[in-house]
Amino acid sequence: MWDSESDSVAGRDYDNGVISSTKHGVQTDRFEQRGKSWFVATDVPSDFLVQIGDVCFHLHKYPLLSRSGKMNRIIYDSRGIDLSKIAMDDIPGGPEAFELAAKFCYGIAVDLTATNISGIRCTAEYLEMTEDLEEGNLIFKTEAFLSYVVLSSWRDSILVLKSCENLSPWAENLQIVRRCSESIAWKACANPKGIRWQYTGKPMKVSSPGWNEMKDSSPSRSPVPPDWWFEDVSILRIDHFVRVITAIKVKGMRYELIGAAITHYATKSLPGLIKEAGASGLPEEGSSTAVSGHWKGGLHMIVAGNRDDPTSTSQMRDQRMIIESLISIIPPQKDSVSCSFLLQLLRMANLMKVAPALVTELEKRVGMQFEQASLADLLIPCYNKAETMYDVDLVQRLLEHFLIHEQMETENPNRQSMHEGVQRINSSNAKMRVARLVDSYLTEVSRDTNLSLTKFQVLAEALPESARSCDDGLYRAIDSYLKAHPTLSEHERKRLCRVMDCQKLSMDACMHAAQNERLPLRVVVQVLFSEQVKISNAIASNSVKETGGSNYQPMVQNRKTLLEGTPQSFQEGWAAAKKDINTLKFELETVKTKYLELQHDMENLQRQFDKVTKPKQQSAWSSGWKKLSKITKLSAMENNVESPRNAAQAKKAPRRWRNSIS
């Protein structure tokens, strides 16, 4: 069993991982290295040269022929010519693994470890070192070591899987990756008793206990956290990590732990995901990634680097692959990962140009738990060459996904029958939290001078009216938008203020709005009227309670009582607003009067013009009678005047008429 790794090799005849071949044709006990060439320490001159890259092996044909089917076939096919040199640049494991395989062919003891076993196993398969040539050949012995030693150990399974990164596709075809992934998954889901789980993490502080304390210091006595395996699997490459997580899901581990493992891996492999680097934008010193050996930098280094640098392009491609892989393995449950992690992942997905289908899936996941988001996580910059500073369209889509999810939850018949009341309360609370979040977001993005009125209005009106019990946050966002956009027309200001319900403003907000010069006058009047209604209703309610009466009228009819119960600052604001309204009315009446006067003058001028251009021949007798009739009519109008105001107007009219005639 793997519970006790100290005896993982005990009881098995592997000489502690040292294997050797009993038959060989050349007597030797070692290889000698001279520069980049290897020689067999023997008096027999070498007759066969194997070149792998820039490393050369000066060997003998017979030891290789007796144990390698590939060498046997190559030499047999070239029997017509004297073959003395062969190149094997495509051998898995490189010259290091071939060196160990060649030593095995010469009967030299080979030390098998977790770091070299995968390379030797793939090399043995490449050289076709099967049982048909010799019993106990290299394939058989490496398979036995993998099955009985490596797969029974947590540490060795991690190391072997890590060493398989440069052995594709041989490690995949030989099922080494699958077997190690399943071994790791089985041990992660089982009882961690006896596992030396602090492998890649910080070592435990070990003191020198007394002989009577040795029993209490066993791993079974110390508490093991449920995330003991996170640090170990975080060193794996992303494709191997996906294999391990997939196997763990099949084993039935809790989705919260799987989500926490994914978050931990993303934190280690994507330094740009963490916002602890400060304003400089550089990752923390000593931060490491778990992608590949050539990975040396973080996300911020990539963004700030040269676009023409091929290393940066490769790093961005690797990070894009990590993000896409992590999105695909996140558990479907709602709270498997935090909303903050999803939004940070979404930020990087937009920056790295991840596949649109995966981005849409990630947006839906954020919408499922949008009420858990924070304002800092929502302030995602707009990476496509847009005019706005923040990606307002993205937040609009997240809000739509949230509303769709809430609608589906309420329409689910199973949940309606079981917990209908509790679900309704939770849904209402979630919408209220989202409304406060959206109001804060609107306040922040409203300072952007490039934010259009339509985008602001659509985002503000996306939530239903029941989601906001108070519109103070929305009023704050509107006021901030008006400050940043002073050139708005009166019509646009009225359109902007329509998203706000004046009846949902608090007393402080109403007092501020009554003195706010940026608001349209009509909105100020609505705010004052709604506040007056609130105050009157409150006073009426208190009077009903004091008198004990049952008749309740929502409005107070006595204006003096209303003003006495109103705060002094509010009365001053109301008086100023009333004065402005009266001034506007007086100016309007003055303009109307001047307009009528100008109209009369225009008519008189028109008559005079007609008289000059088209004179009519009339007798003095008829002209006298016309003047007499006009005088009679004017005297009759003066006698029939009833009110002083009409009399004054009548007196003005004849004077203007007589002046025009004369």
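Details of the structure are given in the entry above.
In this text, all values refer to a predicted model and were calculated from it rather than measured experimentally.

(A) Expanded view of the overall build of the chain. Check the secondary structure of the chain and you find 27 helices and 7 strands. Put simply, the chain has 662 residues, and 41% of those count as buried. For the chain, the proportion of contacts with a sequence separation of at least 24, taken over those separated by at least 6, is 70%.

(B) Seen up close, the sheet that holds strand 6 (residues 85–87). Taken together, the 5 strands give an open sheet; going across it, the order is 2-3-5-4-6, and neighbouring strands pair in mixed fashion. Each of the sheet's edge strands pairs with one partner strand only, and the pair in question is strand 2 (31–34) and strand 6. Shown here is a sheet whose adjacent strand axes are inclined to one another by a mean of 20°, direction ignored. Contacts from helix 3 (residues 94–105) reach strand 2, strand 3 (37–40), strand 4 (48–52) and strand 5 (55–59), with the element oriented near 10° to strand 5.

(C) Unusual backbone geometry, seen in detail. The omega torsion of the bond from Ser-168 to Pro-169 falls at 0°, within 30 degrees of zero and hence cis. By secondary structure assignment, the location of Pro-169 is in the loop between helix 6 (154–163) and helix 7 (170–173). Even without being a glycine, Lys-353 presents a positive backbone phi close to 60°. Turning to its location among the elements, Lys-353 is positioned in the loop between helix 14 (339–351) and helix 15 (356–368).

(D) Representation of the nonpolar core. With 145 residues, the main nonpolar core has Val-50, Leu-59, Phe-98, Trp-229, Leu-326 and Phe-370 as its most contacted residues. If we skip the residues at most four places from it in the chain, Val-50 touches Val-55, Cys-56, Phe-57, Leu-59, Met-71, Ile-86, Met-88 and Phe-98.

(E) Representation of the packing of aromatic side chains. Across all of its chains, the model carries 8 aromatic pairs by this definition. Relative to Phe-402, the ring of Phe-370 lies with its centre 6.2 Å away and its plane at 50°, an arrangement referred to as tilted. Of this pair, Phe-370 sits in the loop between helix 15 and helix 16 (375–378) while Phe-402 sits in helix 17 (residues 392–411), placing them 32 residues apart in sequence. Of the two residues, Phe-370 and Phe-402, both sit in the buried class. Look at Phe-456 and Tyr-481: their rings are 5.0 Å apart centre to centre, the planes differ by 40°, and that puts the pair in the tilted class. Here Tyr-481 lies in helix 20 (residues 472–484) and Phe-456 lies in helix 19 (residues 453–460), a separation of 25 residues in the sequence. We note that Phe-456, like Tyr-481, is buried. Sitting above the plane of the Phe-39 ring, Arg-34 keeps its charged end 4.4 Å from the centroid. Between the NZ or CZ atom of Lys-70 and the centre of the ring of Tyr-126, over which it lies, the distance is 4.8 Å.

(F) Up close: the packing of helix 20 against helix 22 (residues 507–514). Where helix 20 contacts helix 22, the two axes come as close as 10 Å, and the packing angle between them is 25°. Considering the angle they form, helix 20 stands roughly parallel to helix 22. Between helix 20 and helix 22 lies a crossing whose hand is left-handed. Of the residues in helix 22, those in contact with Asp-472, Tyr-475 and Asp-479 of helix 20 are Ala-509, His-512 and Ala-513. Class assignment for the residues of the contact of helix 20 with helix 22 results in 3 nonpolar, 1 polar and 2 charged.

(G) Examining the packing of helix 4 (residues 117–127) against helix 5 (residues 138–150) more closely. Helix 5 packs onto helix 4 with a crossing angle of 150° between their chain directions and a minimal axis gap of 9 Å. With respect to helix 5, the element helix 4 is oriented roughly antiparallel. Relative to helix 5, the crossing made by helix 4 is left-handed. Touching Ile-117, Ile-120, Arg-121, Ala-124 and Glu-125 of helix 4 are Leu-138, Ile-139, Thr-142, Glu-143, Phe-145, Leu-146 and Val-150, all from helix 5. Classifying every residue of the contact of helix 4 with helix 5 by side-chain character gives 8 nonpolar, 1 polar and 3 charged.

(H) Helix 3, seen in detail. Between the first and last C-alpha of helix 3 there are 17 Å, a value that for 12 residues agrees with the 16 Å anticipated at 1.5 Å per step. Those residues of helix 3 lying buried are Gly-94, Ala-97, Phe-98, Glu-99, Leu-100, Ala-101, Ala-102, Lys-103, Phe-104 and Cys-105. Positive phi shows up at Gly-107, right after helix 3, with a value of about 85°.

(I) A nonpolar patch on the surface, seen in detail. Taken together, Leu-521, Val-525 and Leu-584 make up a surface patch of nonpolar side chains, about 230 Å² in accessible area. Relative to the helices and strands, Leu-521 resides in helix 23 (residues 521–547). Owing to a relative accessible area of 38%, Leu-521 belongs among the partly exposed residues under this scheme.

(J) Representation of the environment of Gln-396 in the model. Note that Gln-396 resides in helix 17. Placed 59 residues apart in sequence, Gln-396 and Lys-455 show a C-alpha to C-alpha distance of 8.9 Å. Each residue touching Gln-396, except ones within four places of it in the same chain, is listed here: Val-458, Leu-459 and Ala-462.

(K) View of the environment of Ile-108. The topology assignment puts Ile-108 in the loop between helix 3 and strand 7 (110–111). Linking Ile-108 and Arg-30, residues 78 residues apart in sequence, is a C-alpha distance of 6.7 Å.

(L) Expanded view of helix 2 (residues 69–77). If you check which residues of helix 2 are buried, you get Gly-69, Lys-70, Met-71 and Ile-75. Against strand 4, helix 1 (61–67), helix 3 and helix 4 lie the buried residues of helix 2.

(M) Geometry of the pairing of strand 5. A large share of strand 5 lies buried, amounting to 5 of its 5 residues. Going residue by residue along strand 5, you find Val-55, Phe-57 and Leu-59 tucked away on one face and Cys-56 and His-58 tucked away on the opposite face as well. Bridging between strand 4 and strand 5 involves 5 bridges; their strand directions are antiparallel. Following the sheet pairing, Gln-51 is matched in strand 5 by Cys-56.

(N) A look at the state of the cysteines. Tallying each qualifying case throughout the model produces 0 disulfides. Cys-502 takes part in no disulfide bond, and the closest cysteine sulfur, belonging to Cys-510, lies 7.7 Å away.

(O) Examining the pattern of salt bridges more closely. Scanning all chains against the criterion turns up 21 salt bridges. Note that Glu-182 and Arg-178 form a salt bridge whose closest N and O atoms lie 3.3 Å from each other. With Glu-182 and Arg-178 both in helix 8 (residues 176–189) and 4 residues apart, the pair spans about one turn of that helix. For the salt bridge of Glu-444 with Arg-447, the shortest nitrogen-to-oxygen distance reads 3.2 Å. Assessed through its relative accessible area of 27%, Glu-444 is described here as partly exposed.

(P) Structural view of the side chain of Asp-377. Within the secondary structure, Asp-377 sits in helix 16. Among the polar contacts listed, one links the side chain of Asp-377 to the side chain of Ser-340, at a separation of 3.0 Å.

(Q) Representation of the pairing of strand 3 within the structure. Here strand 2 pairs with strand 3 via 4 bridges, running antiparallel. Among the inter-strand pairings, Glu-32 is bridged to a residue of strand 3, identified as Phe-39. Strand direction decides the pairing type here: strand 3 and strand 5, joined by 3 bridges, are parallel. Looking at the pairing, Ser-37 lines up with Cys-56 of strand 5.

Conventions we followed
Residues numbered from 1 in each chain as written. Predicted model: local features only at pLDDT ≥ 70, side-chain atom pairs only at ≥ 80, totals over all residues. Heavy atoms only, no water. Helix = DSSP H or I, 4+ residues; strand = E, 2+ residues; numbered from the N terminus. Buried < 20%, exposed > 50% of the residue type's maximum accessible area, 1.4 Å probe, protein only. Contact = heavy atoms within 4.5 Å. Pairing = 2+ DSSP bridges. Axes fitted to C-alpha atoms, helices over the stretch in contact; angles between N-to-C directions. Core = buried A, V, L, I, M, F, W, Y, C linked by side-chain atoms within 4.5 Å. Phe/Tyr/Trp six-rings, centres within 6.5 Å; stacked < 30°, edge-to-face > 60°. Lys NZ or Arg CZ within 6 Å of the ring centre and 35° of its normal. Parallel < 35°, antiparallel > 145°, perpendicular 65-115°, else oblique. Left-handed = near helix turned anticlockwise from the far one by under 90°. Nonpolar A, V, L, I, M, F, W, Y, C, P; charged D, E, K, R; others polar. Expected span 1.5 Å × (residues − 1). Patch = residues over 30% accessible without salt bridge, like charges linked within 9 Å, V, L, I, M, F, W, Y side chains within 5 Å. Areas by Shrake-Rupley, 256 points an atom, 1.4 Å probe, with all protein chains shown as cover. Salt bridge = Lys/Arg side-chain N within 4 Å of Asp/Glu carboxyl O. Disulfide = S-S within 2.5 Å. Polar contact = N/O pair within 3.5 Å; in protein donor to acceptor, adjacent residues only side chain to side chain.

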